[in-house]
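Here is what each chain is made of, one letter per residue.
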Amino acid sequence: MYIELRDINKSFGDFQASRSVSFGIARGTLAALLGPSGSGKTTILRMIAGLETPDSGDIFINARRVNDLAPSVRGIGFVFQNYALFRYMTVFDNIAFGLRVKKEKAAAIRARVEELLELIGLEDFGKRHPAQLSGGQKQRVAFARALAPNPGLLLLDEPFAAIDAKVRRELRVWLRDMIRRLGITSIFVTHDQDEAIEVADEIIVTNKGRVEQLGAPPDLYREPATPFVADFIGESAPVENIAAFRGFEANVQGTPGAVRPEFLKVFAVGDVIQYPNSVEDAVVDDVAFRGAWLELGLVLRGIRLTARYSLEKQPPRIGDFVKVLVYRLYAFEDGKVSLRRNAELNASRHGYSYSI
Amino acid sequence: MSGKGKNAPRGASLWVPRLFIGISALFAAVMLILPLAVVLTEAFSSGLQVFLRAVSDIYARKALFLTLEATAASVFLNTVFGLAAAWVVTRYSFAGKGVLTTLIDIPFAVSPVIAGMIFILTFGRLSWLHPVLEEHGIRIVFATPGIILATVFVTIPFVAREVIPVLEARGTDEEQAAVLMGAGFFTIFRRVTFPHIRWALLYSVILCAARAMGEFGAVSVVSGHLRGKTNTLPLHVEILYSEYQFTAAFAVSSLLVAGAVIILTARNIVEFAARKEDSLNVH
Amino acid sequence: MNKIRGLFIMLTAFALSSGFAFAADEITNVSYDPTREFYEQYNAAFKKHWKGKTGKDIGIVQSHGGSGRQARAVIEGNQADVVTLALAYDISAIEKAGLIKPGWQSEFPKNSAPYTSTIVFLVRKGNPKSLKDWGDLAKEGVGIITPNPKTSGGARWNYLAAWAWADKRYNGDEKKIREFVAKLFGNVLVLDTGARGSTNTFVRNKQGDVLLAWENEAHLAIAESRGEFEIATPSLSILAEPPVAIIDAVVDKRGSREVATEYLNYLYSDEAQRLAGKNYYRPSNAGIAKEFASVFDLSLKLVNIDDPLFGGWEKAQRLHFIDGGVFDQLYAKK
C-alpha cells in the first residue's frame, strides 16, 4: 500500500470529524474520498497532507510514518478547491514556486515549468497572471504547480467545485487522463458521486466521520456494504418494510431496504406481462424525461418507487395504473446489505426467459 | 465641470449636486486653502531674505533634523510593529486577540498630551524606573528618545489599522499553499503576503509620516524645550510665534507645509498606482 | 532579512545614543518665557567671559516655557544645571523635591534676583482714555486685557499689584479693596491663559484700552510696534524678583558646579546688568540701573510680596489663587 491510514481519530472541539478511519491505497491508484458535507472527507485529506494533525492513529506514505513530518517533506502536491494561485506572480512563477523553494537550478526549473505548461496545454500562458485566466485554466495551473516538484502523491480538495458545469465535465476527463498518464497516486475529495464514479479507480465512501466502504465504483454500486452506501451510490428508493412486497413476505416484518430503478419492471396497458402472478399494481404519479430514458415515479401500495421506462414505448401518463414487478431488492439488516430475490420468481415456471 | 448632471436620473434637480459641490468647495477653501495661503503669504511678507534667514537659522535646522529623525523612527518602528500585529491578529486565534486590537486603537482615543504625561510618569525622575536609568546614564524623557517615543505612540494605529482589513479580506489560502510547498516564513511574507498589502502599507506609512511630522501635544510635554536639542519643527514654530517673530514662524511653518505637500503628492501617486494595478488584475 | 534586522538595531542604537547623558562641556539653563532674548545675548557674553577666564569653550542650552511648567519639568527629570525662573515659589518647589539644597535664595546677592521687573500699563498711543493709575482702570467703559491669574504666574502679579494699590488707597478696608478688585476684573475683556497670549490680543488683535503687562514685555511691544503704544506707569506696583538658582543634584553629578556658579554670578557683573537693562529688565545693581533712568520710572513705589500685606508668595497663593480663593469669589460674582 502506498498510502495507509490506521485507526485515525480527529476532533475539533466537541465535533468528532474522524472516527477510527483505516484504509490503504495502492500505488498508482486514483482514489476519491466521497461523502456528504461534514462526513470527514476533507479532514482526512488534510491529515494526509499534514495540514491537520490526527489526535491518534498513524499515517504512512510510501511505508514511512509521516505523522510528525511537515507537509513539504511528505512528498505531496496539493490542489486547492479555489486554486489558491499566487495572484501577484505570473503563471510561470506560480508553477516554479515549489522548485524555487527547494532551490533548484534556474535552468532545471525553466525546463520543468515549460514541460508542465506543455502538459497542461498552456504553453503561451507563462507570462500571464492568474486574474487573466479562466476557471478551468486556473485549475490546470494549480495542477501543474502541485506536480512541479515531482511528488509521489497528489491530493486534490474538491478540485471542480468552483468551476461551471460545462467546463467541469471536460476538466474531469482531462484530469483523469492526465493522472493516468503520469501514473501518480492521487486522492481527490468530492461530494458529487457522478464525478467520483466517472473519474476514480477506487472510491472511499465517508459518512459521519467513518469510512463506510472502499472499492471500485462498480463494486460499490452492485454490492454496497452498508445502507448508507446503498443509498448514496446510484439511485435507490428507500423502503421501510421489504416484507410488504409480493414475493418477499418471507422476510422479517419491518426490515428496511432499498429498491433501485433497475430492480423493477413496469408494464403499461397493452404490454405482455411476465410473471402475472407476481406483479403488483401501482399508480404513476410522475413522468420525467431523462435524456435517454423516462423516469417514472410510482406509488405502489403507498410506497414511493422510481422506475425507468424505455422511450421506444408509448409512455404512460400521470394517473395511469401500471403493473410493477419487483425482481429483487436490498435488505438492510444489522447495518449490512444483502440482495434478496423475489421468491415467487424462483417458483414460477411461467413467463419468458428474459435475462434480468 | 462638464456633465454635472450626467449621472443624475432624468428629471432630478440639478441644484442638489450644485449645492453639495458649493458646500464642499466653500469648506475646502476656508479650512484648507485659506490657512495654507495665509501661511505662505505671511512667510514671504518680509521678503525672501528674511524667509531664508528664518529657515536656515541653526535652531530651525536642528528642529528640522529632529522632526525628520522622529518621523523616520516612528515610521520604521510602527511599520514593523504594525505588520507584526496585523499578521498575528489575522492569522492566529488566541485569547486576548480582541484586547490587542483595542489596545492598538488607544492612541486615537487618548489625547496626545496625556500620552506625553504618561511617558513622564513612566520614565521621569519620579518614576520607579528612574534609578535604573540613572545608573546606566540613560535619558529618555527630556531627550531625543522621549520625543521618538511620543511620536511613535501617537502613530501606532496607522499601519496596523490599514493592513489588518486587507489581510483579513484576503484569507490564508495562498499562504497555506506556500507552506505546503515548504516555503519559510520570510519567503511567504515577501512573495505571497507582501504584494497584497503593498499599497495599503505604503498608504499607511504615508499617513504615519504626516501625523508624526505634525505631532505637537505629546512631544511638547516630554520635550523639555531645550533649544537646539529637543525642539521639533512644530515646537520651534511655537517658540518663534511667542517671541513675536511672526514672519519667521510662518517661514518655518512653510517647511511643514512643504512636507505636507510632498506627503500628499506621494499619497496620490500611491493611490493612482494602486488603482491602475487593480484595474489590470480583475480578481 | 538580516539587512533589515541590522538597520533596525542601528536605528535603535542611534536613537538611544542621543539620550545618553554626556558630561560634555555644556550646561542647561531652564528659564521662563520672556527671557529668551535676554539670555541669547547673555550667553554669548558669558561664553566669551568663560573662555577668557579659563580658556575653555562652554555650550549653553536654553529652555523656555511657563515658569511653573518649567519647574515641574525639572522636578520630573529635565536636567537643568541652573534655573532662572519667574517666581521663588517655583524654585522652592524644586527645592522641596530635593534637587536644591535649602537656603538657595541667599546664595546669590539680592535674594538671588539679578534683575527685577514690575507691572505697568501698556496703553494706545496718546493714552486716549487717560489711564494713569489703577483707579482709572475700574472706571466704566474701560477695557482691560490681562491673563488669567489662575493659569498665568505673571497675571497673579497684576492682581496683587492692583490689590496693593487698593490697600493703600482705601487704607486697608478689606471690603472696599474687594469691591475695587472686583470692578477691575469686571472690566476685563479677554482672559488669556498666558502673558504672550494677552499681549497678542492687545497688540495684534487690537482689543482693549490697556494691557496689564510685565514692564519688559511692555517695552518690547513698544519697540516692535513703531509708536502705536506707550507705557503708563502707575503710582504703585509690585516688585517681581525672578530668582536664579543652581540645581545642586545635577551640578554635583555632572561636575559642572564651578561653571554653573560662575554663570549665575556673572549675571551680576556690570556687562550683564547692562544687558538686562537693554532687555528692559531693571538691573538689581542700583548704579547701573541709574543708567536706564530714561527707560524705567525709577521713582515707582514698589511693594514686595514678602511685605506683611501678602506675607509671602505661598500665603498669597493660598489666600487668593487656589480654587475658591478670593479671586474666584470676586471674579465669579459676574
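About the criteria used
Here the residue index of a chain counts from 1 through its sequence in written order. The naming scheme follows written order: chains are lettered A onward, ligands numbered 1 onward. Totals for whole chains, interfaces and linings use every residue, but because this is a predicted model, local features are given only for residues with pLDDT of at least 70 and side-chain atom pairs only at 80 or more, for both listing and counting. Computation of side-chain values: all heavy atoms of the structure, hydrogens and water removed. Put plainly, a pocket is an open set of points on a 1 Å grid over the protein atoms alone with protein on both sides within 12 Å along at least five of seven lines, a cavity is a set where a 1.4 Å probe fits but cannot get out, and a lining residue has an atom within 4 Å of a point. Grid points are joined across faces, edges and corners, and a volume is the space filled by probe spheres set on the points. To qualify as a helix, a DSSP run of H or I must reach at least 4 residues; to qualify as a strand, a run of E must reach at least 2; elements of each kind are numbered from the N terminus. For this classification, Asp, Glu, Lys and Arg are treated as charged, while Ala, Val, Leu, Ile, Met, Phe, Trp, Tyr, Cys and Pro are nonpolar and the rest, including Gly, are polar. For every domain, the bounds stem from an assignment made automatically or drawn from a database. Two residues form a contact once any of their heavy atoms are found within 4.5 Å. By buried area we mean how much accessible surface two parts lose on assembly, using a 1.4 Å probe and totalling the loss over both. In this scheme, strands are said to pair when DSSP sees at least two bridges between them. Each axis is a line fitted through C-alpha atoms, taken for helices only over the stretch in contact, and angles between the N-to-C directions span 0 to 180 degrees. Any Phe, Tyr or Trp ring, taking Trp's six-membered ring, that has another such ring centre within 6.5 Å forms a pair; planes under 30 degrees apart are called stacked, those over 60 apart edge-to-face, and the others tilted. In this scheme, a residue with accessible area under 20% of its type's maximum is buried, one over 50% is exposed, and one in between is partly exposed, where area comes from a 1.4 Å probe on protein chains only.

A. Representation of the layout of surface pockets within the structure. Within this model, the largest pocket holds a volume of roughly 1000 Å³. What lines the largest pocket is a set of 40 residues, among which C:Asp33, C:Gly65, C:Gly66, C:Ser67 and C:Thr151 lie closest to the centre. Taken together, the elements giving at least two residues each to the lining of the largest pocket come down to helix H11 (233-242) of chain B together with helix H3 (67-76), helix H4 (88-96), helix H7 (153-169) and helix H9 (195-203) of chain C. At six residues, the largest contribution of residues to the lining of the largest pocket is made by H3(C). Of the residues belonging to the lining of the largest pocket, the class tally is 15 nonpolar, 16 polar and nine charged.

B. Looking closely at the domain arrangement of chain C. Residues and elements named next belong to chain C. Here chain C is described as being made up of domain 1 (2-116 + 241-291) and domain 2 (119-238 + 304-330). Each partner contributes residues to the interface: domain 1 has 11 residues there, and domain 2 has 12 residues. Together domain 1 and domain 2 conceal approximately 1200 Å² of surface at their shared face, both sides included; 58% is due to carbon and sulfur atoms. Among the residues of domain 1 in contact with domain 2, Leu87, Tyr89 and Tyr280 are the three that bury the most area, contributing 48% of the side total.

C. The arrangement of the sheet that holds strand E15 (residues 294-300) of chain A in detail. All names here are of chain A. Judged by pairing direction, the sheet is antiparallel, and its five strands sit side by side in the order E13-E17-E14-E15-E16 without closing on themselves. For this open sheet the edge positions go to strand E13 (264-267) and strand E16 (303-309), each flanked by a neighbour on one side alone. The sheet shows a mean angle of 40° between the axes of neighbouring strands, direction not considered. Two elements, strand E14 (residues 280-289) and E15, share six bridges in a ladder whose sense is antiparallel. The residue bridging phenylalanine 289 from the neighbouring strand is leucine 294, located in E15.

D. Just the packing of aromatic side chains, in detail. All names here are of chain C. For the structure on display, the rule yields 41 aromatic pairs over all chains. Between tyrosine 115 and tyrosine 281 the ring centres are 5.0 Å apart and the planes differ by 50°, which places this aromatic pair in the tilted class. Here the residue tyrosine 115 occupies a position in strand E4 (residues 115-124), and tyrosine 281 occupies one in the loop between helix H13 (270-278) and strand E11 (282-283), the gap between them amounting to 166 residues. As far as burial versus exposure is concerned, tyrosine 115 and tyrosine 281 are alike and both buried. Measuring from ring centre to ring centre gives 5.2 Å for phenylalanine 185 and phenylalanine 327, while their planes differ by 75°; the resulting arrangement is edge-to-face. With phenylalanine 185 in helix H8 (residues 174-186) and phenylalanine 327 in helix H16 (residues 326-332), this residue pair connects regions lying 142 residues apart in the sequence. Side by side, phenylalanine 185 and phenylalanine 327 carry an identical accessibility label, which is buried.

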